[in-house]
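# Structural features, examined
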Amino acid sequence: SNTLLIGGRQIIRLDNERFVGPSDFRQMPQTFDAATFYNDGLMNVEIFYAFLRQVNTTWQGNQNAEFGQQINSTNLVNVSSD
């Protein structure tokens with residue numbers, strides 16, 4: 001079983017990245033200032049939790065800073081199985 005704890009600026013990819021992902025097709029990917037927890041210790045079950053403090057969007061190149069960094073308090077939970 002693997003357990004990971006990660007803190008700081010990171011890229012988060014959930015499932016097919018439709019709702020949470022880095023938008024890789026852009027020059028500057030979307031990143032998250034977050035604390036994340038991942039565990040796959042249960043048989044065929046993966047558990048992911050993240051507390052997001054800030055989202056650094058693809059708008060960072062824009063001169064308007066409020067679009068580039070969005071401060072929030074968001075909890076992400078994703079449980080999946082094979």
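This text gives an overview of the structure that appears in the document. (Residues numbered from 1 in each chain as written. Predicted model: local features only at pLDDT ≥ 70, side-chain atom pairs only at ≥ 80, totals over all residues. Heavy atoms only, no water.)

## Notes on the layout of surface pockets
Heads up, the condition is: Two kinds of site are reported from a 1 Å grid over the protein atoms alone, namely cavities, where a 1.4 Å probe fits but cannot get out, and pockets, open sets with protein on both sides within 12 Å along at least five of seven lines, and residues are called lining when an atom falls within 4 Å of a point. Grid points are joined across faces, edges and corners, and a volume is the space filled by probe spheres set on the points. The numbering of helices and of strands both runs from the N terminus, where a helix is a DSSP run of H or I of at least 4 residues and a strand a run of E of at least 2. Gly counts as polar in this scheme, as do all residues outside two lists: the nonpolar Ala, Val, Leu, Ile, Met, Phe, Trp, Tyr, Cys and Pro, and the charged Asp, Glu, Lys and Arg.
Approximately 240 Å³ is the volume found for the largest pocket. As for the largest pocket, its lining consists of 15 residues, of which I12, R13, L14, Y38 and F48 are closest to the centre. Counting only elements with at least two residues in the lining of the largest pocket, the list comes to β1 (3–10), β2 (31–39), β3 (45–56) and β4 (69–81). Across the lining of the largest pocket, the residue classes break down as eight nonpolar, four polar and three charged.

## Topic: the nonpolar core
The following threshold applies: Here, nonpolar core means buried Ala, Val, Leu, Ile, Met, Phe, Trp, Tyr and Cys residues that are tied together by side-chain atoms lying within 4.5 Å of each other. Think of it in three bands: with a 1.4 Å probe and only protein chains considered, a residue is buried below 20% of the maximum accessible area for its type, exposed above 50%, and partly exposed in between. Contacts are residue-level and defined by heavy atoms, with any inter-residue pair within 4.5 Å sufficient.
Residues I12, L14, V20, F32, A34, F48, A50, L52, V55 and L76 constitute the largest nonpolar core, which totals 10 residues. Put simply, the parts of the chain that give this core at least two residues each are β2 and β3. Ranked by the residues each element gives to this core, the list is headed by β3, at four residues. Apart from the residues lying within four places of it in its own chain, the contact partners of A34 are I6, G7, G8, Q10, I12, F51 and L52.

Distances and angles like these do not, on their own, reveal function.
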